[in-house]
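# Coordinate inspection notes
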Amino acid sequence: MRLPAQWLRFPWAAAFLLTVAACAAPEPPKAVEIVYPPAPEEPRYYYDRTLYGSTNVKPETSTDRLRRFATGQSERGRGFAKPFDVRADNGRIFISDTVNRRVAVLDFPQQRYYEIGTQGVGRLAKPLGLTTDAQGHLYVVDGTAKRILVYDLEGTYLKSIGTGEILSRPSGIAVNPDGSRIYVVDTGGVSSKDHTIHVFGPDGKHLFNIGTRGKEDGNLNLPLMAAMAPDGNLYVSDSGNFRVQVFDPDGNFVKTIGSIGRRPGQFSHPKGIAVDSDGRIFIVDSGFANFQIFDNQGQILLFVGERNERGGPGQYILPSGISVDVDGRIYFVDQFFRKVDVFRPAALSPEAPLGQPPG
């Protein structure tokens, strides 16, 4: 666009005119939907959106925009520095951030953003795995403090479970719905035998352990994350053995899913894990930069994502945590790109509010 010479004496006016002209430009073509699996297969999941921080949930006001323009603040507002795990609870999304030392909360039903673990006795040093129970409690693994911090869903600190005397390198956590058993994954190390699951009661009493270091059924080697299934079984990503192991609530071995390899249904570095209300299992593989979906019998159904340095939808470098909400939406963390990608079941309308059960 060519500007009259007199406009060049007023740079602000020229900038305004160019902005207006840009706004009047034709709209770009609508983005093509990203679907899994791709055509001609029947769609099962669609890429829904990407979450980067507070502005994804809290509408930006004119005052916010002016402040951001004046200060140079990112459009992401309070963004993630290094997200590790995610827990979706009826549209309220909890994301642990190891660098910012907090749990960021994107509450979509209430359109608000808040943070947990930033002050007082409930301050977090290195939040890792997290989960919630049906009683309205949030459980967060603190890898530095070597304990579990428990809050209500608004972020009020309630209590701590475990100590450095019991926990060596805690990373993941799973809790049964009524909160009567808390399963803490202890990753251990090269020279450690503490590759196990510590089981606690709601009062913090240590009840028993599941697994010792090894490669046989029921043994663990560098376990990372865990998830509770609707049938009460515990699923554990046994990363050093390139598999997922399943235990009953009392720690008895049930079965194994996957093995080392490069084919669908096999693993390179299994990490985050989630189980939905129908018993489908969602397993992150940071080596393959994707997540795989299995049925409740352990048969591979689908994989989603690929390794790519661009970091667009469905593209990852260092994925870690995963969660499935009541509406079937999948929340998938990538640490490198500091984002959470969201995938929507094909049967769910794009306009369906986040966290609202179908029907």
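Right above here is the structure, for reference.
Another point: the nonpolar core. In this structure, Ile173, Ile182, Tyr235, Ile273 and Ile281 are the most contacted members of the largest nonpolar core, which totals 27 residues. Elements represented by at least two residues in this core include exactly β8 (137-142), β9 (147-152), β11 (170-175), β12 (182-186), β15 (223-228), β17 (243-247), β19 (270-275) and β20 (281-285). Ignoring anything within four residues of it in the chain, the contact list for Ile182 reads Tyr139, Ile161, Ile173, Ala174, Val175, His198, Val199, Phe200, Gly201 and Pro202.

With that settled, consider the packing of aromatic side chains. Evaluation of the coordinates by the stated rule reveals nine aromatic pairs. Here the aromatic rings of Phe291 and Phe343 are separated by 5.8 Å at their centres, their planes lie at 65°, and the arrangement is edge-to-face. On the criterion of sequence distance, the pair formed by Phe291 in strand β21 (residues 290-294) and Phe343 in strand β27 (residues 339-345) is long-range, its members being 52 residues apart. The pair formed by Phe291 and Phe343 is uniform in burial state, with each residue classed as buried. Measuring from centroid to centroid gives 4.7 Å for Tyr316 and Phe332, while their planes differ by 70°, and the two rings are edge-to-face. Taken together, the positions of Tyr316 in strand β24 (residues 315-316) and Phe332 in strand β26 (residues 330-334) put the pair 16 residues apart, joining distant regions of the chain. For the residue pair Tyr316 and Phe332, the accessibility class agrees, reading buried in each case.

Examined against the element boundaries, Lys215 turns out to sit in the loop between β14 (206-210) and β15. Sequence spacing of Lys215 and Asp238 is 23 residues, and the spatial spacing of their C-alpha atoms is 9.6 Å. Apart from the residues within four sequence positions on either side, Lys215 is in contact with Asn241 and Arg243.

The strand order across the open sheet formed by four strands is β11-β12-β13-β14, and the pairing between neighbours is antiparallel. If you trace the sheet from one side to the other, it starts and ends with β11 and β14, each paired once. Between one strand and the next, the sheet's axes are offset by a mean angle of 25°, whatever the strand orientation. Summarising the sheet, β12 and strand β13 (residues 196-200) pair through five bridges and their orientation is antiparallel. Pairing of Asp186 across the sheet is with Thr196, part of β13.

Reading the values: rules and limits
Along each chain, numbering runs from 1 in the same order as the chain's sequence is written. Reporting of local features is limited, given that this is a predicted model, to residues whose pLDDT is at least 70; pairs of side-chain atoms are given and counted only at 80 or more, and all residues count toward the totals for whole chains, interfaces and linings. To get the side-chain values, take all heavy atoms of the structure and skip hydrogens and water. In this text, buried Ala, Val, Leu, Ile, Met, Phe, Trp, Tyr and Cys residues form a nonpolar core when linked through side-chain atoms within 4.5 Å. Residue burial is assigned from relative accessible area. The probe radius is 1.4 Å, only protein chains are included, and a residue is buried under 20% of its type maximum, exposed over 50%, and partly exposed in between. Each helix is a run of DSSP H or I of at least 4 residues and each strand a run of E of at least 2, with the numbering of both proceeding from the N terminus. Contacts: residue pairs with any heavy atoms within 4.5 Å of one another. Stacked, edge-to-face and tilted labels apply to pairs of Phe, Tyr and Trp rings (six-membered ring for Trp) whose centres lie within 6.5 Å, assigned for plane angles under 30 degrees, over 60, and everything in between, in that order. In this scheme, strands are said to pair when DSSP sees at least two bridges between them. What counts as an axis is a line fitted to C-alpha atoms, over the stretch in contact for a helix, and the angles between N-to-C directions run from 0 to 180 degrees.

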